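Reading the structure
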Amino acid sequence: MKQIKLMPLAALLSIVLLDSCAVQQAKKTDLALPESFDNNFVPADSSVAKMTYRDFFKDPVLVELIDLGMAKNNDLQVAIKQIAIASEGFKQSKWVYAPVVNASLVNASINRPSNNSMNGMMASQFMGQHYTTDYTSAVNISWELDIWGKLKAQKQDAVIELLKTKEAANAVKTRLVAEIVQAYYNLLMLDKQLAITKENLSFADSTWQILVKQQHLGMTTALAVQQQFLVKEQVSKRIPDIEGAIAIQENALNVLVGNYPRRIEREKGLDEVYVPNQLAAGIPAALLSFRPDVRSKELDLRKSYLGVHFARVSMYPGLNITAQGALTLLKQVIGLLFLVRFLELRRVRLRSQYLMVAN
């Protein structure tokens, strides 16, 4: 009776133990976000974070540069390769439930017994050689049953690693777009600065020529002419510096988009940059959900849950089903079989001769 009463208790304890070993998941908390922010009704789904750079920027040259950077930037190509590596790891994790097969096709060994030993004399007499060769092929199969969810945790860990590499690539893309846009607008700013400097040089030159004519007419002094000449020279010296800065900025922009140094043609100036009148920012919490670094930290949290679960179930015993088989080819065994057969026939022959003489 006591044994019968203990059976339901043992079954209940097993159910509780299996439930406690289930893979824990990081659950999202329902924040109950409002429909508007700062008393301005803005739909939650109309956020600037959902806009693509093709919709946000209207300059065709800038959009072309960003497209080129997405296709040829070195850092982005490395991030894409990391995604490919993580994808292969995820494909490999799909086979964690499959049996593991270890095969040894050929394992050869040579044994050289002494000529004075029994094995050496028999090998040289019946096999015609002083050594024996052994060839072995073996196959081992092992299958682990996922009782505690350890294999499932490994598969989910591979999924998280894949998602983290994708978020890292998204972070590289975001930084790349920001750097290309900043470099392009700096280039437009330098173009505007060069144009203003040339206009100032033209104005300073016109003023200097007027002062020279006034000096000839006796309307001004030579000091004013010399001062205006120095102003013109100072303005003219700024032009090579600005042109050098433009060349450096173009080279930096070409590095970002993966091109060799070349001139970048501009269709619009800084005054013609399209600036939207109103941008729907949306809810700040929703904006954070689009950031790759925030998503990466969320994946780190999920991975920590899996790490805790894996460390916990590693203390429990596992159940592995194994099978193995081997095939051995030993020439010495064949020679010994012939020797035993020969000795058996010789014994029968001597016994028959003995019986004939005795009779």
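Worth saying up front: this structure is predicted, and the values here are computed from it rather than measured. (Residues numbered from 1 in each chain as written. Predicted model: local features only at pLDDT ≥ 70, side-chain atom pairs only at ≥ 80, totals over all residues. Heavy atoms only, no water.)

**Examining the packing of aromatic side chains**
The relative placement of two aromatic rings is captured by the distance of their centres and the angle of their planes. Counted according to the given criterion, the structure contains three aromatic pairs. Between Tyr184 and Tyr185 the ring centres are 6.0 Å apart and the planes differ by 50°, which places this aromatic pair in the tilted class. Taking relative accessible area as the criterion, Tyr184 reaches 0% and is therefore assigned buried. The class for Tyr185 is partly exposed, based on a relative accessible area of 26%. Considering the side-chain rings of Trp208 and Phe229, the 5.7 Å spacing of their centres and the 50° angle between planes classify their relative orientation as tilted. Placement of Trp208 in helix α6 (residues 150–216) and of Phe229 in helix α7 (residues 222–257) is noted, with a sequence separation of 21 residues between them. The partly exposed category is assigned to Phe229, whose relative accessible area is 34%. Sitting over the ring of Trp208, Lys232 keeps its end group 4.2 Å from the ring centre. (Phe/Tyr/Trp six-rings, centres within 6.5 Å; stacked < 30°, edge-to-face > 60°. Buried < 20%, exposed > 50% of the residue type's maximum accessible area, 1.4 Å probe, protein only. Helix = DSSP H or I, 4+ residues; strand = E, 2+ residues; numbered from the N terminus. Lys NZ or Arg CZ within 6 Å of the ring centre and 35° of its normal.)

**Some thoughts on the side chain of Asn259**
Mapped onto the elements of the fold, Asn259 is located in the loop between α7 and α8 (284–288). Taking relative accessible area as the criterion, Asn259 reaches 17% and is therefore assigned buried. Side chain to side chain, Asn259 and Lys72 meet in a polar contact 2.9 Å long. The residues contacting Asn259, other than those within four sequence positions of it, are Leu68, Lys72 and Asn254. (Polar contact = N/O pair within 3.5 Å; in protein donor to acceptor, adjacent residues only side chain to side chain. Contact = heavy atoms within 4.5 Å.)

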